Amino acid sequence: MEALTGRVAVVTGGNSGIGKAIAKAYAAEGAKIVLAARRAEQLQEAAREIEAAGGNVLTVPTDVTKEADVLALFDKTMKAHGRVDVLINNAGVASREKTDELPLASWQRVIDVNLTGCFLCAREAFKIMKTQKQGRIINIGSVSAKVPRGNSVPYTASKFGLEGLTRAFALDAREHGILVSILHPGNTVSSLGRPAQIGANPEGRMEAEDLAQVAVLMAKLPHEVNMLEALVLPRTMPFLGRG
């Protein structure tokens, strides 16, 4: 396993939930963190938490659907640290509207954040990592890319698309020493999900911190090894089997 000490990790959607948990876990392993999210106030709060534990954090308010914002994110990262070793593509939104009542604007918003935003960030990271001849891009997918919930057309489409994006980037990146992966969380306590009801909810929910440990493992693998895909589920989540 390789150490994360001194490595530069860009985490989008890093102000809460899974993104913040991964950022905190990476910082605890010695990585330099670049936190990106739209809400500047929450971004600063997350940074203060990480810094209080001894972490090194740069915050860059970023809307991943805006190309100019993404370009600025990586420009500021390079000016501050001179490299990008890991990108965690975590920024995401959901829609729970009925299919026949789904406005086009809702569809476009989810696709723009969950898929186009990931593409823009991965593209810029790819450029930097190509010159370094190494780096990792870890996209945060969803169990919905395997088994969707009802009333989740744009979210499901975006996560299926993200899996395809991951594989295409992984293929193009391979010759340049860049590793591209996707981490699919099952039900996780986050801003996208319902409050934790592990005891009462038969599906159960993981804590974001549990998922973060998998993200740490993926980043610490030897450079010649890639975990292309990981599906992480709460023990009681009804994913396998039939009722």
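**Q** What is the right way to look at the overall build of the chain in this model?
**A** Tallying secondary structure elements over the chain gives 6 helices and 7 strands in all. Here the C-alpha radius of gyration of the chain, 17 Å, is about what a compact globule of 243 residues would show, namely 18 Å. When the backbone C-alpha atoms are referred to their principal axes, the chain occupies close to 50 × 40 × 35 Å. Counting across all 243 residues of the chain, residues that qualify as buried make up 49%. The contacts of the chain with a sequence gap of at least 6 include a subset with a gap of at least 24, amounting to 70%. As displayed, the chain has an accessible area near 11,500 Å², and 52% of this comes from carbon and sulfur atoms. One way to put it: in the chain the 29 positive side-chain charges average out to a point 1 Å from where the 25 negative ones average out.

**Q** What is the right way to look at the state of the cysteines in this model?
**A** Two cysteines form a disulfide when their sulfur atoms are joined by a covalent bond. The final tally for this structure, using the stated rule, is 0 disulfides. The thiol of C118 is not disulfide-bonded; the next cysteine sulfur, from C121, is found 6.9 Å away. Residue classification places C118 among the buried residues on the basis of a relative accessible area of 2%. Under the relative-accessibility criterion, C121 is labelled buried at 0%.

**Q** I'm lost on the pattern of salt bridges in this one. Help?
**A** For side chains bearing opposite charge, pairing can occur when the charged atoms are close. Tallied over the entire structure, the rule returns 12 salt bridges. The partner of K20 in a salt bridge is E49, and the shortest N-O contact between them spans 3.0 Å. With K20 in helix 1 (residues 17-28) and E49 in helix 2 (residues 40-52), this pair connects stretches of sequence that are 29 residues apart. Classification of E49 by relative accessible area gives partly exposed; the value is 35%. Note that E229 is salt-bridged to R167, the shortest N-O span being 3.9 Å. Residue E229 is located in strand 7 (residues 229-232), and its partner R167 is located in helix 5 (residues 153-173); the two are separated by 62 residues in the primary sequence. On the basis of relative accessible area, E229 is assigned to the partly exposed category, the value being 32%. Note on R167: relative accessible area 44%, which makes it partly exposed. Beyond isolated ion pairs, a larger network of salt bridges with shared partners links E67, R123, E124 and K127.

**Q** Hey, could you run me through the sheet that holds strand 6 (residues 178-185) in this one?
**A** Where strands meet in a sheet, backbone hydrogen bonds hold them as pairs that are either parallel or antiparallel. The strand order across the open sheet built from 7 strands is 3-2-1-4-5-6-7, with neighbouring strands paired in parallel fashion. Each edge of the open sheet is held by one strand with a lone partner, namely strand 3 (56-61) and strand 7. On average, each strand axis in the sheet is inclined to that of its neighbour by 15°, with strand direction left out of account. In this fold helix 1 packs onto strand 1 (8-12), strand 2 (32-37), strand 4 (86-89), strand 5 (135-140) and strand 6, with an angle of close to 170° to the strand it touches most, strand 2.

Parameters at a glance
Per chain, residues are indexed from 1 in the order of the written sequence. Given that this is a predicted model, residues contribute local features only at a pLDDT of at least 70 and side-chain atom pairs are listed and counted only at 80 or more, while totals for whole chains, interfaces and linings are drawn from all residues. Calculation of side-chain values draws on the structure's entire complement of heavy atoms; hydrogens and water are dropped beforehand. Under the scheme used here, helices are H or I runs from DSSP no shorter than 4 residues and strands are E runs no shorter than 2 residues, and both carry numbers assigned from the N terminus. Each radius of gyration reported is based on C-alpha atoms, and the globular scaling rule is 2.2 Å times the count of residues to the power 0.38. Per-residue accessibility, obtained with a 1.4 Å probe over protein chains only, is compared with the maximum for each type, and a residue is labelled buried under 20%, exposed over 50%, and partly exposed between these values. In what follows, a contact means two residues having at least one pair of non-hydrogen atoms within 4.5 Å. The Shrake-Rupley method, run with a 1.4 Å probe sphere, supplies the accessible areas, and residue values consider only the shown protein chains as cover. Under the convention used here, Asp and Glu are negative, Lys and Arg are positive, and both His and the chain ends fall outside the count. Charged groups are reduced to one reference atom each: NZ for lysine, CZ for arginine, CG for aspartic acid, CD for glutamic acid. Cysteine sulfur atoms are paired as a disulfide whenever they fall within 2.5 Å. Salt bridge, as used here, is a side-chain nitrogen of Lys or Arg placed within 4 Å of a carboxyl oxygen of Asp or Glu. Strands were regarded as paired on the criterion that DSSP finds at least two bridges between them. Structural elements are reduced to axes, namely lines fitted to C-alpha atoms, with helices fitted over the stretch in contact, and the angle between N-to-C directions of any two is expressed from 0 to 180 degrees.

Functional significance is not addressed by these values, which are geometric in nature.
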